[in-house]
Amino acid sequence: MRVVIGSDHAGWILKQTVIEQVRALGHEVTDVGSHDDKPVDFPDIARTLTGKVKAGEAERGIMVCGTGVGASIAANKVKGIRAAVCHDVHSAHQSVEHDDVNVMCIGAQIVGPWLAKDLVASYLQAEFSTDEDCRRRVEKLHAMDAEG
C-alpha cells in the first residue's frame, strides 16, 4: 500500500517512528513534511497530504500533530477525505472497517512510539467492511460531501 505521511513541528519526531513502522509492515512511504521542529501550520501539511490521497498517489494517509485534533479538522475540510483521530487500537481499525477512513491522525503529545506503532499496524491492516449497514452509512457521507 502507498501511504502518505505528514506532521507539523509538534509531530515530526514521532513521525519518524511512524515512517519506520509503515516501512516495516512492507508499505511504501511518501513524506510530505515537516522535516524539523521549526513551526509550520498543520493545515498546509494537511492540504498536501490529502491532495496525494485524492489524486490516488496514496491509498491512505497518516498525520501527526500535537493532539491529532487540528490535523483531523484540517483534513476533513477536504472533499473526499474521511479523517479520524485515533489514540487507541480499536478506533484505528474500526474507523477503517466501519467508516472507510482514509487519513488517521495521531497526537505526538498523547501517544508514545510504542502505541503509535500499534495504531499504524491496526489502521493499515484494516479493510472497509462489506456489511450493508457500513456501506450505506459511508454512501451518506459521500452524499454530504457532494452537498458541500
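Residues numbered from 1 in each chain as written. Predicted model: local features only at pLDDT ≥ 70, side-chain atom pairs only at ≥ 80, totals over all residues. Heavy atoms only, no water.

The protein chain is annotated in an unreviewed UniProt entry as Ribose 5-phosphate isomerase B of Alsobacter sp. KACC 23698. Under the UniProt heading Sequence similarities (unreviewed entry), the entry covering the protein chain gives this text: "Belongs to the LacAB/RpiB family." (UniProt positions renumbered as here; feature names shortened; annotations may be inferred.)

A.B. asks: What exactly am I supposed to notice about the environment of C65 here?
C.D. replies: Relative to the helices and strands, C65 is located in strand 3 (residues 60–65). Here C65 is in contact with D8, A10, G11, G70, A71, I106, G107 and A108, once residues within four sequence places are set aside. (Helix = DSSP H or I, 4+ residues; strand = E, 2+ residues; numbered from the N terminus. Contact = heavy atoms within 4.5 Å.)

A.B. asks: Quick question: what am I supposed to make of the UniProt feature "active site" (unreviewed entry) in the protein chain here?
C.D. replies: According to UniProt, the "active site" (unreviewed entry) feature falls on C65 and H98. Spanning 34 residues, the annotated positions stay apart in the fold, the maximum distance between their C-alpha atoms being 24.2 Å. Inspection of the secondary structure puts H98 in helix 4 (residues 89–99). When residues no more than four places from it in sequence are discounted, the contact partners of H98 are F128, C134 and V138.

A.B. asks: Where do I start with helix 1 (residues 12–24) in this structure?
C.D. replies: Three or four residues apart is the spacing at which side chains of an α-helix point the same way, because the helix has 3.6 residues per turn. Helix length check: helix 1, at 13 residues, gives a terminal C-alpha distance of 19 Å against a target of 18 Å (1.5 Å per residue), a fit within 8%. Within the sequence span of helix 1, burial applies to L14, K15, T17, V18, I19, Q21 and V22. Residues of helix 1 that are buried in the fold lie against strand 1 (2–7), strand 2 (28–31), strand 3, strand 5 (103–107) and helix 5 (113–125). (Expected span 1.5 Å × (residues − 1). Buried < 20%, exposed > 50% of the residue type's maximum accessible area, 1.4 Å probe, protein only.)

A.B. asks: How should I be thinking about the environment of K38 in this particular structure?
C.D. replies: Looking at where K38 falls in the secondary structure, it is placed in the loop between strand 2 and helix 2 (42–54). By relative accessible area, which is 55% here, K38 ends up exposed. Taking the C-alpha atoms as reference points, K38 and A92, separated by 54 residues in sequence, lie 29 Å from one another.

A.B. asks: Is there a simple way to think about the nonpolar core in this case?
C.D. replies: For soluble globular proteins, the rule of thumb is that nonpolar side chains tend to be buried together. Formed by 23 residues in total, the largest nonpolar core has its most connected members in I5, V18, V22, I62, M104, I106 and Y123. Elements supplying a minimum of two residues to this core: strand 1, helix 1, strand 3, helix 4, strand 5 and helix 5. Take this core: its biggest share by element is 5 residues, from helix 5. Leave out the neighbours within four places in its chain, and M104 touches G61, I62, M63, A84, C86, A92, L119, V120 and Y123. Of all hydrophobic cores here, the second largest spans 17 residues; its members include V32, A74, A75 and V78. (Core = buried A, V, L, I, M, F, W, Y, C linked by side-chain atoms within 4.5 Å.)

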